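# Architecture at a glance
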Amino acid sequence: MATIILAKDGVTLQELPLLKTRITIGRRTYNDIVIDAPGISAEHAVIITTPTESYFEDLGSTNGSRLNGQPVRKHLLQGRDVIELATHTIQYRIEDSVYGTSSILRSLKKTIRTNPGIVSRHRKMHPADPLPPSRY
């Protein structure tokens, strides 16, 4: 599940799971994330989330937005991306599964990186290939 962490000066202000398809960010009270600070537009930005990914989009704000230090208008979010909005930051975090498989996948990726031959030694099966005979 994806979450975002709103912070100012390194202090976490709010942590939100991205449960809604559309999360609005701005100075006005009707936004999902309200940032009442100079440099934040009334309707500053939005995060759009689908079942497989999340996008950040600046809505033409006066002072703009930055992503990982670079100006941004629209961006497909990746784990640990940091969005800068005036004096605030929003960190995007993604967990591969609510069942903790992210640690298993990280471990597997590390194994493959440190021993790349482990993948190439095994024959890849095609879906049409017959199953190998059973030993039992």
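Above: the structure in question.
Everything numeric here is computed off the predicted structure, so don't read it as measured data. Residue positions are given per chain, counted from 1 along the sequence in the order it is written. For this predicted model, a pLDDT threshold of at least 70 governs which residues receive local features, and a threshold of 80 or more governs which side-chain atom pairs are given and counted, while totals over whole chains, interfaces and linings are taken from all residues. With hydrogens and water excluded, all non-hydrogen atoms of the structure serve as input to the side-chain values.

### What to know about the environment of T49
Helical segments are the DSSP runs of H or I of at least four residues, strand segments are the runs of E of at least two, and each set is numbered from the N terminus. Take T49: it is sitting in strand β5 (residues 45–49). A relative accessible area of 13% places T49 in the buried class. Measuring from C-alpha to C-alpha, the distance between T49 and T21 comes to 4.8 Å, with 28 residues separating the pair along the chain. Working rule for contacts: check all heavy atoms of both residues, and any pair within 4.5 Å makes them a contact. Apart from residues no more than four positions distant in its own chain, T49 is found in contact with L18, K20, T21 and S54. A polar contact is formed between the side chain of T49 and the side chain of S54, at a distance of 3.0 Å. Exposure classes here rest on a 1.4 Å probe applied to the protein chains alone. A residue is buried below 20% of its type maximum, exposed above 50%, and partly exposed in between. Each polar contact in these results corresponds to two N or O atoms within 3.5 Å; when the atoms are within protein, one needs to be able to donate a hydrogen and the other to accept it, and residues that are neighboring in sequence are counted only if both atoms are side-chain atoms.

### Points about unusual backbone geometry
The phi dihedral of R80 is positive, around 75°, even though this residue is not glycine. Relative to the helices and strands, R80 is located in the loop between β9 (74–76) and β10 (82–85). In the Ramachandran plot, A86 falls in the positive-phi region, its phi being about 55° despite a non-glycine side chain. Within the fold, A86 resides in the loop between β10 and β11 (88–94).

### Comments concerning the sheet that holds strand β7 (residues 65–67)
Strand pairing in a sheet relies on backbone hydrogen bonds, with the paired strands running either antiparallel or parallel. A sheet is described by the order of its strands in space; here six strands give the open sequence β2-β1-β11-β10-β7-β8, paired in antiparallel fashion. One side of each edge strand has no neighbouring strand; the edge strands of this open sheet are β2 (11–17) and β8 (70–72). Mean inter-strand twist for the sheet, computed between neighbouring axes without regard to direction, equals 30°. Bridge analysis of β7 against β8 gives three bridges, and the strand direction is antiparallel. Residue pairing across strands places R66 opposite P71, the latter belonging to β8. Strands are treated as partners if at least two bridges between them are detected by DSSP. Fitted lines through C-alpha atoms give the axes, limited to the stretch in contact for helices. The angle between two N-to-C directions lies from 0 to 180 degrees.

### Quick notes on the pairing of β11
With seven bridges connecting them, strand β1 (residues 2–8) and β11 associate as antiparallel partners. The residue of β11 that forms the bridge with A7 is T89. Pairing geometry for β10 and β11, over four bridges, is antiparallel. Following the sheet pairing, E84 is matched in β11 by T89. As consecutive antiparallel partners, β10 and β11 are separated by two residues, and within that stretch A86 has a phi angle of approximately 55°, a positive value.

These figures come from the coordinates and say nothing about function on their own.
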